[in-house]
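Working through the structure, step by step
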Amino acid sequence: MVDRTALRHNLDTMTAALPGARLRPHVKAHKCTSLARLQYANGHRGFTCATVREVEVMAAAGLGEDLLLANEVLETRRLGQLVEQGHRVTVAVDSPETVRAAASGGVREVLVDVNVGLPRCGCPPGEAGRLADLARGAGLVVRGVMGYEGHLMLVAKEEERRERTEQAMRELLAASAAVGGDVISAGGTGTCTVNTWANEIQAGSYALMDTAYEQLGQPFRQALFVLGTVISVSSGWAVVDVGLKSLGLDHGLPAIDGAEVWFCSDEHTTFSVPDGPLPAVGELVRVRPSHVDPTVALHDTLHLVDGDRVLERWPVDMRGWRRS
């Protein structure tokens, strides 16, 4: 379920802080074109994607004005087909192999992905200029650089998060000077309030939020819940039918307001209520996930709600990796 009031607050709060092209919303967090249309209506015309399928579905929905696949891929023919159809698609490259893949598949624009501290994708900052030259030699337009300071997203203290983000962005700015181009793309929900160096921020989780990001004290509200039913009550604990198969747990256990969550099983979450009576069998419980992205990807539909009233049903239409 998605709480309409909280969602609208989150979208408008972020737009006020990062208007227009300053924000390139990351659709991997919600995988839903209905929600992406609300972000588009708020003035954000460029989007970040994590998979080829996300790019394809966004383009088919009429949201292909400026799509960045912020991930390395070695097969880009499906993306090249979208470019031929008139959609603007940019891919991240961090090696000669990904440069060749972009060029051979028909993609025309790239960003050089730079490692700014997260041991994942990205070339060393000192190699970014050479890679940009290689890309231009292959006939590609190099729009600029991107670097994801993902290792800093959940740093608890804001000042430490700011200082370490500055260190990471100085690496990216040095790479940008060697690469050229107008785009310096970085960031996420965790650093969106402290990253003043990138000229576009790739935040996504801010729209729906989760309990991990909630602990940072940012101005966004929990909008996403998984609605479960209490199926068993014992002496001291209760069980709701929401478990590992419906929640992303890599950021910890979910939360239930007023309760202490003990553990999650495949189809169950066991919890107690320290300061009150346990719910009865059959009562509905809102479970708050700790990580929004993998939670949404486990479900077919987002239900937009106002209190207990369902207003709209939105398909999670960017799930998966292949064409339907």
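1. Let's talk about the overall build of the protein chain
Within the protein chain, the secondary structure is distributed over 9 helices and 15 strands. What you see for the protein chain is a C-alpha radius of gyration of 21 Å, in line with the 20 Å of a compact globule of 324 residues. For the protein chain, the spread of C-alpha atoms along the principal axes amounts to about 70 × 45 × 35 Å. Within the protein chain, buried positions represent 53% of all 324 residues. Within the protein chain, contacts between residues at least 6 apart in sequence are counted, and of these 63% link residues at least 24 apart. Carbon and sulfur atoms make up 50% of the accessible area of the protein chain, which totals about 13,800 Å². Distance from the positive charge centre (32 side chains) to the negative charge centre (40 side chains) of the protein chain: 5 Å.

2. Details of the side chain of Gln 222
Structurally, Gln 222 is set in the loop between α8 (211-214) and β9 (226-233). For Gln 222, a relative accessible area of 11% translates into the label buried. Engagement of the side chain of Gln 222 in a polar contact is seen with the backbone oxygen of Met 209, the distance being 3.3 Å. Of the polar contacts made by the side chain of Gln 222, one reaches the backbone oxygen of Leu 224; its length is 3.0 Å. Filtering out sequence-adjacent residues up to four positions away, Gln 222 remains in contact with Ala 6, Leu 208, Met 209, Asp 210, Thr 211, Glu 214, Arg 288 and Pro 289.

3. Details of the sheet that holds strand β1 (residues 2-3)
The strand order β1-β14-β15 describes an open sheet built from 3 strands, whose pairing is mixed. Looking at strand neighbours, the two that pair on one side only are β1 and β15 (309-315), the edges of this open sheet. Inspection of the sheet shows strand β14 (residues 301-306) paired to β15 by 6 bridges, in the antiparallel sense. Among the inter-strand pairings, Thr 301 is bridged to a residue of β15, identified as Pro 315.

4. With respect to the nonpolar core
The nonpolar side chains of soluble globular proteins are, as a tendency, buried together. Core analysis: the biggest nonpolar cluster contains 71 residues, and Leu 7, Met 58, Leu 79, Val 112 and Leu 208 have the highest contact counts within it. Formed by 13 residues, the second largest nonpolar core is a distinct cluster that contains Val 240, Val 242, Ile 256 and Val 261.

5. A short note on the pairing of strand β7 (residues 183-186)
Neither face of β7 is open: one carries Val 183 and Ser 185, the other Ile 184 and Ala 186, and all of them are buried. Two elements, strand β6 (residues 141-147) and β7, share 4 bridges in a ladder whose sense is parallel. Within β7, the residue paired with Gly 144 across the bridge is Val 183. Once you follow β6 into helix α7 (residues 158-179) and on to β7, the crossover reads as right-handed. Bridge analysis of β7 against strand β8 (residues 200-201) gives 2 bridges, and the strand direction is parallel. The residue of β8 that forms the bridge with Ala 186 is Ile 201.

6. Concerning helix α5 (residues 96-105)
Within the span of α5, buried status applies to Thr 98, Val 99, Ala 101, Ala 102 and Gly 105. Relative to the axis of α5, the buried residues are bounded by an arc of 160° and lie together on one face. Opposite its buried face, α5 presents the exposed residues Arg 100 and Ser 104, each directed more than 90 degrees away. Check the buried side of α5 and you find it contacts α4 (77-84), β4 (89-93), β5 (109-113) and α6 (128-137).

7. What about the packing of α6 against α7?
Relative to each other, α6 and α7 sit at 35°, their axes nearing to 8 Å. Between α6 and α7 lies a crossing whose hand is right-handed. Where α6 abuts α7, its residues Ala 128, Gly 129, Ala 132 and Arg 136 lie against Ala 175, Ala 178 and Val 179. Counted by class, the contact of α6 with α7 contains 5 nonpolar, 1 polar and 1 charged residues.

8. What about a nonpolar patch on the surface?
Judged by side-chain polarity, Trp 237, Trp 262 and Phe 263 come together as a nonpolar surface patch covering roughly 300 Å² of accessible area. When you line up the elements, Trp 262 lands in strand β11 (residues 260-264).

9. Quick notes on helix α1 (residues 4-17)
Compared with the 20 Å implied by 1.5 Å per residue over 14 residues, the 20 Å span of α1 between its first and last C-alpha is a close match. All buried positions along α1 are accounted for by Ala 6, Leu 7, Asn 10, Leu 11, Met 14 and Thr 15. Buried residues in α1, looked at end-on, bunch into an arc of 160°, giving them a common side. Along its buried surface, α1 packs onto β1, α2 (33-41), β14 and β15. Sitting at the amino-terminal end of α1 is Asp 3, which places a side-chain oxygen 3.2 Å from the backbone nitrogen of Thr 5.

Analysis parameters
- Residues numbered from 1 in each chain as written.
- Predicted model: local features only at pLDDT ≥ 70, side-chain atom pairs only at ≥ 80, totals over all residues.
- Heavy atoms only, no water.
- Helix = DSSP H or I, 4+ residues; strand = E, 2+ residues; numbered from the N terminus.
- Rg over C-alpha atoms; globule rule 2.2 N^0.38 Å.
- Buried < 20%, exposed > 50% of the residue type's maximum accessible area, 1.4 Å probe, protein only.
- Contact = heavy atoms within 4.5 Å.
- Areas by Shrake-Rupley, 256 points an atom, 1.4 Å probe, with all protein chains shown as cover.
- Lys, Arg positive; Asp, Glu negative; His and termini not counted.
- Charge placed at Lys NZ, Arg CZ, Asp CG, Glu CD.
- Polar contact = N/O pair within 3.5 Å; in protein donor to acceptor, adjacent residues only side chain to side chain.
- Pairing = 2+ DSSP bridges.
- Core = buried A, V, L, I, M, F, W, Y, C linked by side-chain atoms within 4.5 Å.
- Right-handed = clockwise from strand over helix to strand, strands pointing away.
- Arc of directions from axis to C-beta.
- Axes fitted to C-alpha atoms, helices over the stretch in contact; angles between N-to-C directions.
- Left-handed = near helix turned anticlockwise from the far one by under 90°.
- Nonpolar A, V, L, I, M, F, W, Y, C, P; charged D, E, K, R; others polar.
- Patch = residues over 30% accessible without salt bridge, like charges linked within 9 Å, V, L, I, M, F, W, Y side chains within 5 Å.
- Salt bridge = Lys/Arg side-chain N within 4 Å of Asp/Glu carboxyl O.
- Expected span 1.5 Å × (residues − 1).

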